[in-house]
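Structural characterization, general
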Amino acid sequence: MSFIKGLRCRECGREFPAKAIFVCEYCFGSLEVDYDYERIHGRLTRQLIESRPANIWRYRELLPIDGDPTVGFHTGMTPFYRADRLGHALGVKELYIKDDSVCHPTLSFKDRVVSVALSRAKELGFDTVSCASTGNLANSVSALAAHAGMKRVIFIPADLEMGKVIGSLIYAPRLVAVEGNYDEVNRLCAEVAARRKWAFVNINIRPYYAEGSKTYGFEIAEQMGWKTPRHIVVPAASGSLLVKIRKGFKELHKMGLIPQPETRFYAAQAQGCAPIVTAVQEGSDIIKPVKPKTIAKSLAIGNPADGYYAADAIRETNGWAAEASDEEIVDAMKLLAQTEGIFTETAGGVTVAVAKKLIEGKRIPRDESIVLCITGQGLKTQEAVADHIGKPIRIKPTLSSFEEHVKL
Ligand SMILES: *Cc1c(COP(=O)(O)O)cnc(C)c1O
Ligand SMILES: [Zn+2]
């Protein structure tokens, strides 16, 4: 049963049918899925959600498909827990981590968006999927499309980390490595999209794809006992995840499942690619595109599609934004690993480093609940830390060699 009303222009509000379209033909605004909330209200209860399997589809009434889901039965419901050791290190009382570094199947939150995108793409009759990616999306589309029996053509920047290249190739997509940065890859992909009848998850399927990120927010609220945190720090590339977590909170409230959210949103970006941070800090409505240069490649989008909406969400909730240098990113990856036992990728380092900065700068108070969004896996970006974590102690297989070299 479908609860989709249609697509609605985020700018002029005009309604469109729920097809593979993404821009308003009147004002060129981007399109967003609109639901029949009146029919969902009352039907979708906490009990119903809790009775369903632990994956993203437990919130299916608020996800953009008509029939039964076909992709992503093991995706979502990732760990959420209190992080007291990291909290102590950062000097705060109530810190939580939402850990998508272990999201199934490709170890990043992109598995959520792709599960939704592919389920919808199948409904719309596509047999080939494609995307432009900073790495994690490539992994996720490659894996989930293989599982769904769909053909896959993936565009990436040629300079991606080995872990992300191998993490795509193993699923045998047509992997196209473009000599350029993500924004150039994305532009090329949009040109290809105008000629091929494929489901481009972040172009013509984007309105559906982006809705998958709401499940990260739904789960945080459910796992906190049906409430929301006072503060949430979100890594931002296109800015979509941040915007959709907020939409997820608002929808749960609208459906009567949680109290009025009073969450402040904070964007975390890398110093070498921080167009959203710049707009927020300068109080500007305009996102000025930049040329990315950072080790946080998964966040290296110089011209973020949802940058404007992310900055807006931050302003509306009285949040803020900050950036982290490459060195701070590495230090933060180590801090998270050594306090909480989580090996996150560079994007997670950005989140932890920025949270530290916002706390030290008194943007986030020390005595209120804070959620950190850890969105990706450290084994994929080993290059970033390989030279900063020391070496094993090499010894001969003898007790005397052990005693000689290993001093505790
Ligand atoms: C894509 C990505 C993000 C940011 O996603 P947006 O929705 O584009 O802002 C954050 N973390 C990781 C690990 C990602 O791969
Ligand atoms: Zn419009």
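The rules behind each value
- Residues numbered from 1 in each chain as written.
- Chains lettered and ligands numbered in written order.
- Predicted model: local features only at pLDDT ≥ 70, side-chain atom pairs only at ≥ 80, totals over all residues.
- Heavy atoms only, no water.
- Donors = N, O, S within 2.8 Å, 3.2 Å for Na, K, Ca; no water.
- Tetrahedral: all angles 85-135°; square planar, octahedral: opposite > 155°, others 65-115°.
- Helix = DSSP H or I, 4+ residues; strand = E, 2+ residues; numbered from the N terminus.
- Pairing = 2+ DSSP bridges.
- Axes fitted to C-alpha atoms, helices over the stretch in contact; angles between N-to-C directions.
- Contact = heavy atoms within 4.5 Å.
- Near = heavy atom within 4 Å.
- Polar contact = N/O pair within 3.5 Å; in protein donor to acceptor, adjacent residues only side chain to side chain.
- Areas by Shrake-Rupley, 256 points an atom, 1.4 Å probe, with all protein chains shown as cover.
- Nonpolar A, V, L, I, M, F, W, Y, C, P; charged D, E, K, R; others polar.

Time to look at the coordination of the zinc ion (ligand 2). Looking at the zinc ion (ligand 2), the protein donor atoms are C9 (SG), C12 (SG), C24 (SG) and C27 (SG), and they sit 2.3 to 2.4 Å from it. Coordination geometry of the zinc ion (ligand 2): the 4 donor atoms subtend angles of 96 to 119 degrees at the metal centre, consistent with an arrangement described as tetrahedral. All donors to the zinc ion (ligand 2) come from one chain, and their sequence spacing reads C-x2-C-x11-C-x2-C. On the criterion of sequence distance, the pair formed by C12 in the loop between β1 (4–9) and β2 (15–16) and C24 in the loop between β2 and β3 (31–35) is long-range, its members being 12 residues apart.

For the rest of this paragraph, the subject is the sheet that holds strand β13 (residues 369–374). Spatially, the 6 strands line up as an open sheet ordered β4-β5-β13-β10-β11-β12, and their pairing is mixed. Both edges of this open sheet fall to β4 (80–82) and β12 (320–324), since each of them pairs with a single strand only. Within this sheet the neighbouring strands show an average axis-to-axis angle of 20 degrees, counted without direction. Pairing of strand β10 (residues 231–235) with strand β11 (residues 264–270), which is carried by 5 bridges, proceeds in the parallel orientation. Following the sheet pairing, H231 is matched in β11 by R264. Sitting on the sheet, helix α14 (residues 346–360) is in contact with β10, β11, β12 and β13, with an inclination near 120 degrees to β12.

Turning to the site of ligand 1, a few remarks are in order. Around ligand 1 sit 16 residues, and of these K110, N136, S238, L241 and T375 come closest. One nitrogen or oxygen atom from the side chain of S238 is found 2.7 Å from an oxygen atom belonging to ligand 1. The separation between an oxygen atom of ligand 1 and a polar main-chain atom of L241 is 2.8 Å. When ligand 1 is considered free in solution it has 380 Å² of accessible area, and contact with the protein chains removes 96% of it. Here the shell around ligand 1 is composed, by residue class, of 7 nonpolar, 7 polar and 2 charged.

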